[in-house]
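Each chain, letter by letter, is given below.
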Amino acid sequence: MIEQYNNQVLAFSKSFAEAAFKVQGLALQNFEKIADLQLKTIENRANATAAFVTEALEVRDFDGLKAIWPKGVTLAKESAEKAYATTQEVFGISVKTSEALGELAKTNFAATNETIKSNVDSFKKAATAAVK
């Protein structure tokens, strides 16, 4: 009886370790995708800002300022739009990862439930046979 209990605990521990490894892998993939996306966005915006600042430093008179003003507004608008789009992509990646984690948990719960059910059924049969 104790051996059966030990085997079950060992099997559940192995199942838990495998699930934890899968969860960690999914979480790290999610983190990598999000970090890559955000770094690309930062790099893109930094390059655009550097180009604008370089052009702005060359302005020497009011007419030059009038000419560069719309470019500054456009840069700010594009930066806000890109930040919003990046946020939406990050949210989408997070939702997909959450769905994958939920499916993994559902699968593990179903497998554990089946294992417990089969063990209970075998114990019932053994107990019924012992009583007869």
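Presented here is a report on the structure given in the accompanying data block.

Cut-off values and rules
Residues numbered from 1 in each chain as written. Predicted model: local features only at pLDDT ≥ 70, side-chain atom pairs only at ≥ 80, totals over all residues. Heavy atoms only, no water. Helix = DSSP H or I, 4+ residues; strand = E, 2+ residues; numbered from the N terminus. Rg over C-alpha atoms; globule rule 2.2 N^0.38 Å. Contact = heavy atoms within 4.5 Å. Areas by Shrake-Rupley, 256 points an atom, 1.4 Å probe, with all protein chains shown as cover. Salt bridge = Lys/Arg side-chain N within 4 Å of Asp/Glu carboxyl O. Buried < 20%, exposed > 50% of the residue type's maximum accessible area, 1.4 Å probe, protein only.

**Comments concerning the overall build of the protein**
Then comes step 1: The number of helices and strands found in the protein is two helices and zero strands.
Then comes step 2: The C-alpha radius of gyration of the protein comes to 29 Å, more than 25% above the 14 Å expected for a compact globule of 132 residues.
Then comes step 3: Along the longest, intermediate and shortest principal axes, the C-alpha atoms of the protein span 105 × 20 × 10 Å.
Then comes step 4: A fraction of 80% describes how many contacts in the protein between residues 6 or more apart in sequence connect residues 24 or more apart.
Then comes step 5: When the accessible surface of the protein is summed, it comes to about 10400 Å², and 64% of that surface belongs to carbon and sulfur atoms.

**With respect to the pattern of salt bridges**
Then comes step 1: Enumeration over the complete set of coordinates arrives at four salt bridges.
Then comes step 2: Lys-71 serves as the salt-bridge partner of Glu-55, at 2.4 Å between the closest nitrogen and oxygen. You can see Glu-55 sitting in helix H1 (residues 2-57) and its partner Lys-71 sitting in helix H2 (residues 62-131), a full 16 residues away along the chain.
Then comes step 3: Glu-81 is the partner of Lys-77 in a salt bridge, and the nearest nitrogen-oxygen pair spans 4.0 Å. Of the two residues, Lys-77 and Glu-81 are both situated in helix H2; the distance of four residues between them amounts to about one turn of the helix.
Then comes step 4: Lys-77 sits in the exposed class, given a relative accessible area of 53%.

**Details of the environment of Ile-116**
Then comes step 1: Mapped onto the elements of the fold, Ile-116 is located in helix H2.
Then comes step 2: When its relative accessible area of 40% is taken as the criterion, Ile-116 is described as partly exposed.
Then comes step 3: Between the C-alpha atom of Ile-116 and that of Val-95, which follows or precedes it by 21 residues, the distance is 31 Å.

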